[in-house]
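# Report on the structure
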Amino acid sequence: MIKIIDATLTMLEEYPLKKELVYEFAKTLESLCLWGAVLTPRVYQLMQGDLPRGLTWYMELPSPSESGKYPGIHFFLSSFCDGTGKYIRNIQVNDVSELKGLEGARTDSSLRLTGLDDLLIYESRDIYERGMKLLIQASPILYPENSCYCASAIAADYLQNHHNGTVMTTFTGIGNKAATEQVILAMRVVERFKPNNSFEKLADLRSLFETMTNTQIPGHTPVIGRKIFYIESGLHVDGVLKKPSNYESFPPELVGASRKVILGKHSGGTSIRYKLKQYHMEDCYPVEHLLEMVKRLSIKKGGEVTDEEFLTIMSECDKYEKANQNS
Amino acid sequence: MKRRIKIVDTTLRDGEQCPGIVFSPSDKVRLALFLDRIGVSEIEAGIYDVGTEGVHYISEIMKKKKQAVISLWSKLNPGNVEESARQKPDLIHIGTPVSYAQIYNKLGKNKKWIENSLQECIEVARNYNIPITVGLEDASRADVAFLVSLIRLMKQQGVETIRLADTVGVLFPRRAGELVREIKQTGIMIEVHEHNDFGMAVANSMVMALSGADMVDGTLLGIGERAGNCNLYEFVHSAARKFDLSVSSQDIKKGENLLKSIMSGGKRNDSED
């Protein structure tokens, strides 16, 4: 079984967290079918040990001797432990060649491998294949880093090769890691991970994350951006309206998003007809004339034409038509 | 010695497809000449379109550029190819739908129509003596046997380069590498064009380059439809250790700053980007 563990809460030490928000964040992770979540002693104290029950809880704890202080935590992650019982040994791997060390790893110990940024930037395909084979044999929790901008792909690649694999990720990839939402959706699409589960709560997770970090996630961020299903260009609007899967790799509803047709420089007649239909005015205006006015305004203002501006264009078109009739 | 990978910038064409982004003709000239100066191999300058910014900016770019190949994107339509050819770019890129979703659902045509139309388009470009590349749109969801037979047909017509377009961004590293290795067997030059729907565009481009692709497409800041395209800075930053790219990540970063200044100059109603 594929397991995805979210470690976002370990990256939020610097933020003024509130217990209710952290609890809600964890509950939302659970609803997204994540296997577990990782926290730090500070977050645990903030939560006063009150952790949602549906997740397997992990804690980053440099000193394993203190583990008795944290009831409710299932596993502890440390570089200074033997990886047995409740302890998972963390090993930093900076190069794929270091995976050779896994050949002698004890089979009864639990490992987390951090790093491996360049797993996909291999010297030769043989080295990659050997590295992946060793990973599958040792079956560690893989916690890839993103300094080569490949962390989500590394996590997805590992899970595609190893259907009993476990990866650790963070929401939006905060902390230079693989992005939880990207790995979840990738697994959903290519491996039918949790096929009956909706992932619309990703939109809630985004809002919670933004509130906790006081940031705004850019509109075109993969999977969770608010604007990833906005379409403008004539070709794409035409294709999506005929059949959404022509230009969408997954339906917006799956991730709690919605589709929107934007008017602008790249619009085509289909977009104008679509908007007119929304206003129940499909046969009342010359589409080509409206399209020309939309393009002209978009170029003039250097951006999209809003619905309000389109209504203004429609009324200007009315005046123009009346003036022409009177003349 | 590192293998050469040509970088193709498509900020001015596919990047501008991002809803709400508008470049003026002078913006396009500024960006194209900057990209030319820093060593980008090919610049996809736009789509032939008299209805928006016109075509004069293309001739201005052609006149002032020093080294980059300047290409124009055209639909799979002999008339469009001819209009593009009249602008005298270095190269015409013909977007050719190849998946069943695109051929049957979007166009309402069939594979034979695609083959015939493509041959007509190739003939038009040949008459103008302008080289072409063929963009296999939605190649990641296409039947590989059809791709291979279409490529063989194109090779007979003198086409040397095809673009594997992951139009809806559904490739993952394992399949991305396999696809390039399968197509590579035809002996054609391969350009790869990745979208970032699952955040895999840079990694896919990397794996495809390692698997034998010759050219990699991307955009400044990764702008483009939906979640955008392969981010050029991120690709160049990571790939420079393996390949000779003829452009540095520092210079790409400067290009990003130029793009940001151009985008902030417009009155965009987009506080989230």
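Residues numbered from 1 in each chain as written. Chains lettered and ligands numbered in written order. Predicted model: local features only at pLDDT ≥ 70, side-chain atom pairs only at ≥ 80, totals over all residues.

## Quick notes on unusual backbone geometry
Residues and elements named next belong to chain A. Of note, the phi angle at Cys-33 is positive, near 70 degrees, even though the residue is not glycine. Topologically, Cys-33 is positioned in the loop between α1 (19-31) and β2 (36-39). On the basis of neighbour count, Cys-33 is assigned to the partly exposed category, with 19 C-beta atoms found within 10 Å. The backbone phi angle of Ser-139 is positive, close to 45 degrees, even though this residue is not glycine. Among the secondary structure elements, Ser-139 is positioned in the loop between α3 (125-138) and β7 (141-144). For Ser-139, a count of 17 C-beta atoms within 10 Å gives the class partly exposed. (Helix = DSSP H or I, 4+ residues; strand = E, 2+ residues; numbered from the N terminus. Buried ≥ 20, exposed ≤ 12 C-beta atoms within 10 Å, placed from the backbone.)

## Let's talk about the environment of Asp157(A)
Mapped onto the secondary structure, Asp157(A) falls in helix α4 (residues 151-161). Spatially, the C-alpha atoms of Asp157(A) and Ala186(A) are 9.7 Å apart, while their sequence positions differ by 29 residues. Not counting residues up to four positions away in its chain, the partners in contact with Asp157(A) are Leu120(A), Phe172(B), Pro173(B) and Arg174(B). (Contact = placed C-beta atoms within 7 Å.)

## Looking at the interface of chain A and chain B
Across the boundary between the two partners, chain A contributes 53 residues, which contact 43 residues of chain B. Elements that contribute at least two residues to the side of chain A that touches chain B include exactly α4, α5 (180-191), β9 (230-231), α7 (234-242) and α9 (287-301) of chain A. In the side of chain A that touches chain B, the residues fall into 22 nonpolar, 20 polar and 11 charged. (Nonpolar A, V, L, I, M, F, W, Y, C, P; charged D, E, K, R; others polar.)

## Regarding the domain arrangement of chain A
All names here are of chain A. Assigned domains of chain A: these are domain 1 (3-213) and domain 2 (230-326). Centre-to-centre separation of domain 1 and domain 2, based on C-alpha positions: 43 Å. Counting residues at the interface gives eight residues for domain 1, matched by seven residues for domain 2. Counting residues per element, the ones that place at least two in the side of domain 1 that touches domain 2 are α5 and α6 (202-213). The residue inventory of the side of domain 1 that touches domain 2, partitioned by class, reads five nonpolar, one polar and two charged. (Domains from an automatic or database assignment.)

## Quick word on the environment of Gln325(A)
Residues and elements named next belong to chain A. By secondary structure assignment, the location of Gln-325 is in helix α10 (residues 307-326). Assessed through the 7 C-beta atoms surrounding it within 10 Å, Gln-325 is described here as exposed. Taking the C-alpha atoms as reference, Gln-325 lies 53 Å from Asp-204; in sequence the two are 121 residues apart.

## Re the sheet that holds strand β6 (residues 132-137) of chain B
All names here are of chain B. One closed barrel accounts for eight strands, arranged β2-β3-β4-β5-β6-β7-β8-β9; its pairing is parallel. Across the sheet, the mean angle from the axis of one strand to that of its neighbour is 25 degrees, orientation sign disregarded. By the bridge criterion, six bridges tie strand β5 (residues 91-97) to β6 in an arrangement that is parallel. Of the residues in β6, the one forming a bridge with Ile-94 is Val-134. Strand contacts of helix α8 (residues 201-210): β7 (161-166), β8 (189-194) and β9 (215-218), with the helix running at about 170 degrees to β8, the strand carrying the most contacts. (Pairing = 2+ DSSP bridges. Axes fitted to C-alpha atoms, helices over the stretch in contact; angles between N-to-C directions.)

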